[in-house]
Amino acid sequence: MRNLGPIAIVSAMQEELSTLIELMSGEPTTVGSRVFWRAKWFGHDVVAVLSGIGKVAAATTVATLIERFGVQEVLFSGVAGGLGDGVKVGDVVVAKELLQHDFDASPLFPRYEIPLYGRSHFVSSHLQHQWLVQAAKACLPGLSKAMQGEHLLGSLGVNANEIVVHEGLVVSGDQFISSQAQREDLRARLPLALAAEMEGASVAQVCFDFKVPFAAVRVISDRADDQASVNFAQFIEEVAAPYGAHVIQSYLQTRPTDE
Ligand code: ADE
């Protein structure tokens, strides 16, 4: 059998990854300033790592995953601010395409285009994307049970039975979008964007460079507006962390093994 290398799971923040690392009980290896947790989980070789926040931290982490650990695919799991109409707190967005909303080499190149790539959008891998959508949808019925923070969901006006899994454009930039003005500016510039976060498009670009399959899932923690930072820490700890871990577990359980 050909050894295809481990499946990588990356999150930007400790709270997003801690539940998962506890569940998989992995062995740590440090490279540079990142700790990579390796385990055999649901029949797969898995390596989980906290990238840190922002595009550079995420890109260097994923380059290390590919070069040092020979990973066969990269999954990003975390939270995002909802931008699209109907993308509400507690919903899930699985990225079909990703773009850096703060990249601008105009007038030399069109706004958002990454020079020498001739593209602004990086598409996630079809198979991994489909598996991730299925895993997220499969989690929904058991969701309220999984969420210790249900009281928080309720206080945020989220009904666990109304959670929607969206698929589409996710935009990334080195900014936490936390004002109505920023939100409106982004929506006007990129009307198809469903959610904003700070890492995905850079990870997608690195995976494109190395031809490594990539997919990303984000739980919506806020609406990328004046209220974005209210409840943020509590949300990721109580809601996003267990839910993210459930989606990834569900992914690994249903994803075929490579034998
Ligand atoms: N991640 C979660 N919420 C976000 C926001 N409002 N802006 C950028 N990244 C985020």
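The structure under discussion appears in the preceding block.
These lines cover the structure that appears in this document, whether it is placed above or below. (Residues numbered from 1 in each chain as written. Predicted model: local features only at pLDDT ≥ 70, side-chain atom pairs only at ≥ 80, totals over all residues. Heavy atoms only, no water.)

Quick word on the pattern of salt bridges
Here comes step 1: Counted under the stated rule, the structure contains nine salt bridges.
Here comes step 2: Here Asp85 ties to Arg187 by a salt bridge, and the two come within 3.1 Å at their closest N and O atoms. Separated by 102 residues along the polypeptide, Asp85 in the loop between β5 (73-82) and β6 (92-100) and Arg187 in helix α6 (residues 180-189) bring together distant segments of the chain.
Here comes step 3: Classification of Arg187 as partly exposed rests on a relative accessible area of 29%.
Here comes step 4: Measuring nitrogen to oxygen at the nearest pair gives 3.0 Å for the salt bridge that ties Glu199 to Arg218. (Salt bridge = Lys/Arg side-chain N within 4 Å of Asp/Glu carboxyl O. Helix = DSSP H or I, 4+ residues; strand = E, 2+ residues; numbered from the N terminus. Buried < 20%, exposed > 50% of the residue type's maximum accessible area, 1.4 Å probe, protein only.)

Looking at the site of the ligand
Here comes step 1: Looking at the ligand, there are 13 residues lining it, with Gly81, Phe176, Ile177, Glu197 and Asp222 nearest.
Here comes step 2: Here a nitrogen atom of the ligand sits 3.3 Å away from a polar atom, N or O, in the main chain of Gly81.
Here comes step 3: Interatomic distance of 2.9 Å between a backbone N/O atom of Ile177 and a nitrogen atom of the ligand.
Here comes step 4: When the ligand is considered free in solution it has 260 Å² of accessible area, and contact with the protein chains removes 97% of it.
Here comes step 5: Listed by contribution, the elements that provide at least two residues to the shell around the ligand are β5, β9 (193-197) and β10 (214-222).
Here comes step 6: Here the shell around the ligand is composed, by residue class, of eight nonpolar, three polar and two charged. (Near = heavy atom within 4 Å. Polar contact = N/O pair within 3.5 Å; in protein donor to acceptor, adjacent residues only side chain to side chain. Areas by Shrake-Rupley, 256 points an atom, 1.4 Å probe, with all protein chains shown as cover. Nonpolar A, V, L, I, M, F, W, Y, C, P; charged D, E, K, R; others polar.)

Description of the nonpolar core
Here comes step 1: Core analysis: the largest hydrophobic core is formed by 76 residues, its most contacted members being Leu20, Val62, Leu65, Val74 and Phe214.
Here comes step 2: When neighbours within four sequence positions are excluded, Phe214 is seen to be in contact with Val74, Phe76, Leu98, Ser124, Ser125, Gly200, Val203, Ala204 and Cys207.
Here comes step 3: Grouped together as the second largest cluster of nonpolar side chains are 11 residues, Leu83, Tyr112, Leu169 and Ala196 included. (Core = buried A, V, L, I, M, F, W, Y, C linked by side-chain atoms within 4.5 Å. Contact = heavy atoms within 4.5 Å.)

Quick look at helix α8 (residues 232-254)
Here comes step 1: For α8, which comprises 23 residues, the first-to-last C-alpha distance of 31 Å matches the rise-based estimate of 33 Å (1.5 Å per residue) to within 8%.
Here comes step 2: The largest bend along α8 measures about 40° and falls at Ala240, with the proline Pro242 one to four residues further on. (Expected span 1.5 Å × (residues − 1). Bend = angle between axes of the 7 residues up to and from the residue.)

Thoughts on the environment of Pro110
Here comes step 1: Relative to the helices and strands, Pro110 is located in the loop between β6 and β7 (122-123).
Here comes step 2: On the basis of relative accessible area, Pro110 is assigned to the partly exposed category, the value being 48%.

Focus: the pairing of β10
Here comes step 1: Of all nine residues making up β10, nine are buried, and the element is well covered by its neighbours.
Here comes step 2: As judged from the eight bridges shared by β5 and β10, these two strands associate in the parallel manner. Along β10, the bridge assignment pairs Val79 with Val219. (Pairing = 2+ DSSP bridges.)

Comments concerning the packing of aromatic side chains
Aromatic ring pairs are reported here in terms of the distance separating the ring centres and the angle at which the planes meet.
Here comes step 1: Under the criterion given, the structure shown has seven aromatic pairs.
Here comes step 2: Taking 5.3 Å as the distance between ring centres and 75° as the angle between the ring planes, the aromatic pair formed by Phe122 and Phe208 counts as edge-to-face. Taken together, the residues span a long stretch of sequence, with Phe122 in strand β7 and Phe208 in helix α7 (residues 200-210) at a distance of 86 residues.
Here comes step 3: Phe122 gets classed as buried once you look at its relative accessible area, which sits at 2%.
Here comes step 4: Classification of Phe208 by relative accessible area gives partly exposed; the value is 38%.
Here comes step 5: Here a set of aromatic residues connected by ring pairs shows up, and it is made of Tyr117, Phe122 and Phe208.
Here comes step 6: Positioned over the ring face of Phe122 is Arg119, at 5.8 Å from the centre of the ring. (Phe/Tyr/Trp six-rings, centres within 6.5 Å; stacked < 30°, edge-to-face > 60°. Lys NZ or Arg CZ within 6 Å of the ring centre and 35° of its normal.)

What about unusual backbone geometry?
Here comes step 1: Cis geometry marks the peptide bond from Ser106 to Pro107, where omega comes out at 5°.
Here comes step 2: Within the fold, Pro107 resides in the loop between β6 and β7.
Here comes step 3: Within the chain, Leu116 stands out as a residue other than glycine whose phi angle is a positive 75°.
Here comes step 4: Its location among the elements puts Leu116 in the loop between β6 and β7.

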